[in-house]
Amino acid sequence: MVEDKESTYRLLRDEHDNDAPEDRVTQLHQPFAWLTRLHLGILLAISCLINAFLVLLYLENTIPACLEKPTEFAGLTYDRMLPWEDRTQYNTGNYSEQDLLWGELRADSGIIALTKSYAAEHGLHRGSPFPWDSEKEIYLINGFHSIHCLSQLYLALKEYREGLPQSRPFEHSVHCLDWLRGDIMCRADDTPLYTTTSRHADSGFGQFRKCKDWNKLVSWAEEHTACYRNGHFVVEDKLESQVGRFKFCPKDSPYLDKIRRYYGKGEDWFPSDEKIYIPH
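Residues numbered from 1 in each chain as written. Predicted model: local features only at pLDDT ≥ 70, side-chain atom pairs only at ≥ 80, totals over all residues. Heavy atoms only, no water.

The Sequence similarities (unreviewed entry) field of the UniProt record for the protein chain holds the comment "Belongs to the ustYa family." (UniProt positions renumbered as here; feature names shortened; annotations may be inferred.)

As structure tokens, then:
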């Protein structure tokens, strides 16, 4: 019996004796190695969750800006935050100041000249011929057309207020109203404006909205200027030739020499120096 026990112990001892020293250490630390792997797995999972959260947070802040497609022509985006206001410089209640500002609100810069190839690339209809360059045609930027309509409607209201004859026919005012109606319905602005219990029309005042930068549109229009000035529209609208409205090129314009020759003027003549008539 003793021999059997010794033999049994010998067999067990022989199995351990055959193990390499490294294997003995590994076997000895196996519970600790499993615990370490568990801790590392948990830490890795937490790290992945944190990284996923940070990625989602980044995308939330950047994707809308990336997906916001700039306008096709001037490359404008909604990059300004402006409030709706109850009173602006165009609505102070001081008629003399208001009349001056609305009279200066002109659409002349919105008359532009684009090359025929540019217009074709963007699917535009053919425009009117530009008198100083046969490769260009004349267009009116829609935003400036709306400004024109607003200024003309204000003029009509001003003349009504003062009991003066209307400079424009009633049909023109209706055209402008209908154009603005169509533009508003086309854009279908869905911004909810807050309301109050006040009897005054003060919904949305002070509430901010995303806007495009009008000055950037003006800059783009000036880069493509058609050298246009509306002038005294009551008189000039009735002229057989409208070429005179397209002579007001900037002083660095490549068309100045051609314009001077057309009017028989010298090199010291700059039509842009002529004063603009503003009906008040």
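Next comes the rest of the account.
S.K.: Could you give an account of the overall build of the protein chain, naming the residues involved and the relevant values?
M.R.: Helix and strand counts for the protein chain come out as nine helices and five strands. Going residue by residue from the N terminus, the α and β elements of the protein chain occur as α-α-β-α-β-α-β-β-α-α-β-α-α-α. Looking at the 280 residues of the protein chain, the share that counts as buried comes to 25%. With the model as given, the accessible surface of the protein chain reaches about 20400 Å², and the carbon-plus-sulfur share is 59%. (Helix = DSSP H or I, 4+ residues; strand = E, 2+ residues; numbered from the N terminus. Buried < 20%, exposed > 50% of the residue type's maximum accessible area, 1.4 Å probe, protein only. Areas by Shrake-Rupley, 256 points an atom, 1.4 Å probe, with all protein chains shown as cover.)

S.K.: Summarise the pattern of salt bridges; cite the residues concerned and give the values.
M.R.: A pair can form between side chains of opposite charge whenever their charged atoms are brought close. For the coordinates displayed, the defined rule picks out 12 salt bridges. Across the pair D108 and R106 runs a salt bridge, and its minimum N-O distance is 3.4 Å. A salt bridge links E274 to K247; the shortest N-O distance between them is 3.8 Å. With a gap of 27 residues between them, E274 in the segment after helix 9 (256–263) and K247 in the loop between helix 8 (233–236) and helix 9 connect regions that are remote in the sequence. Among the charged side chains, a salt-bridge network with shared partners connects D99, K158, R161 and E162. (Salt bridge = Lys/Arg side-chain N within 4 Å of Asp/Glu carboxyl O.)

S.K.: Describe helix 9, listing the residues and the values that go with them.
M.R.: Every buried residue of helix 9 is listed here: L256, I259 and R260. Down the axis of helix 9, the sector holding all buried residues measures 100°, keeping them to one side. Two residues or fewer after helix 9 comes G264, characterised by a positive phi angle close to 65°. (Arc of directions from axis to C-beta.)

S.K.: Before we move on, can you summarise the environment of K275 with the specific residues and values?
M.R.: Here K275 is to be found in the segment after helix 9. C-alpha separation for the pair K275 and G231, spaced 44 residues apart in sequence, amounts to 9.1 Å.

S.K.: Quick rundown of unusual backbone geometry? Include the residues and the values.
M.R.: Backbone geometry places A188, a non-glycine residue, at a positive phi of 45°. Position of A188 relative to the elements: it lies in the loop between helix 6 (170–187) and strand 5 (208–211). Of note in the backbone geometry, C227 takes a positive phi value of approximately 60° without being a glycine. For C227, the position within the fold is in the loop between helix 7 (214–223) and helix 8. What makes C227 buried here is its relative accessible area of 1%.

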